[in-house]
Amino acid sequence: MNLASIPSPSTGVIELGPIPLRGYAFCIIIGVFVAVWIGNRRWVARGGKAGTVADIAVWAVPFGLVGGRLYHVITDYQLYFSEGQNWVDAFKIWEGGLGIWGAIALGAVGAWIGCRRRGVPLPAWADALAPGIAVAQAIGRWGNWFNQELYGRPTDLPWALEISEGPNRVAGTYHPTFLYESLWCIGVALLVIWADRRFKLGHGRAFALYVAAYCAGRGWIEYMRVDEAHHVLGLRLNVWTAIIVFALAVAYIVISARLRPGREEIVEQDKDAVAAGKADEEDATDTADGDPLAKDTPETGADDSDPLKKKDSAPEAADKS
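Residues numbered from 1 in each chain as written. Predicted model: local features only at pLDDT ≥ 70, side-chain atom pairs only at ≥ 80, totals over all residues. Heavy atoms only, no water.

In this structure, the second largest pocket encloses a volume near 280 Å³. Among the elements of the structure, helix H1 (23-45) and helix H7 (177-199) are those that each provide at least two residues to the lining of the second largest pocket. Element by element, the count of residues in the lining of the second largest pocket is highest for H1, at 5 residues. When grouped by side-chain class, the residues that make up the lining of the second largest pocket number 4 nonpolar, no polar and 7 charged. (1 Å grid on protein atoms, 1.4 Å probe; cavity = no way out; pocket = protein on both sides within 12 Å on 5 of 7 lines; lining within 4 Å. Points joined across faces, edges and corners; volume = space filled by probe spheres on them. Helix = DSSP H or I, 4+ residues; strand = E, 2+ residues; numbered from the N terminus. Nonpolar A, V, L, I, M, F, W, Y, C, P; charged D, E, K, R; others polar.)

Together, Ile14, Leu16, Ile19, Leu21, Phe26 and Ile30 make up a nonpolar patch on the protein surface, roughly 530 Å² of accessible area in all. Mapped onto the nonpolar patch, the elements with two or more residues apiece are strand S1 (13-16), strand S2 (19-22) and H1. Tracing the backbone shows Leu16 in strand S1. (Patch = residues over 30% accessible without salt bridge, like charges linked within 9 Å, V, L, I, M, F, W, Y side chains within 5 Å. Areas by Shrake-Rupley, 256 points an atom, 1.4 Å probe, with all protein chains shown as cover. Salt bridge = Lys/Arg side-chain N within 4 Å of Asp/Glu carboxyl O.)

The topology assignment puts Arg236 in strand S6 (residues 235-236). There is a polar contact of 3.5 Å between the side chain of Arg236 and the backbone oxygen of Arg225. For Arg236, the contacting residues outside a window of four places in its chain are Glu222, Arg225, Val226, Asp227, Ala229, His230 and His231. (Polar contact = N/O pair within 3.5 Å; in protein donor to acceptor, adjacent residues only side chain to side chain. Contact = heavy atoms within 4.5 Å.)

Counted according to the given criterion, the structure contains 1 cavity of 30 Å³ or more. The space that makes up the largest cavity amounts to roughly 40 Å³. Every residue along the wall of the largest cavity is listed here: Arg141, Asn144, Leu150, Thr177, Phe178, Glu181, Ile221 and Arg225. Ranked by the residues each element gives to the lining of the largest cavity, the list is headed by H7, at 3 residues. Here the residues of the lining of the largest cavity sort into 3 nonpolar, 2 polar and 3 charged.

Printed below as a string of structure tokens:
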């Protein structure tokens, strides 16, 4: 018998009059806003303009949501396309089911488009946003608490999570893996902020550190979960994904540090200032090309073509002789 445990919400929906407020969606939305706020502060501190992070996030977030959902549906297709299941449920994102791997991968495509439109380097933008993404994941994981999903093995620890009877779940107390991952993501965010200040990470290395640190935690947390998943060589698919992505992130940090050491000096140029500078250069060029005096007048010395100057110089020459 547990003397203490974490209760689960009786429902994942809060009714605000005719509007249903779903806990899962609420956590995702709050996480996005917090990530953009943190990213904006870091971007401005690095010399960028306020609002750039939000402008690029307008592209990255929708792509990320689509990518996260696609990864979940593809890797857990049996939940939607097997016998007795309704394929329409694959579109019910509010019921849970976002794969971070797909969200980051396709979100990066959206971010690349946004960065191209703003004329800023994607690696620098990713570095600024990295801790915010980790915090957003920490907040988003509480959406699993509302939906009573993605918990771990049974346990009687004081912080065990209470799960009620429901579809595809048995009542009992389990490891709160959502809480473990939430706390781990907070730690990842703090690690990236510290390392970025200490080592002046640039060219995407702060983002790569976030990816590597997150994967290190996701591996052992995923191993504790008991929800249905595909296995490869005895390990859950997401454990293998975490191992592979971790190795790629570490390799990127090492190779990037050798090829492009240091940090970007300029992450975003002022378009108005650049345009004004170009206009000044064009005006100067036009003036030099169109003004005959600018071409013919020597920089120093007298003008030999002036007869008055020639007459004045003659007596002076006679006196010297």
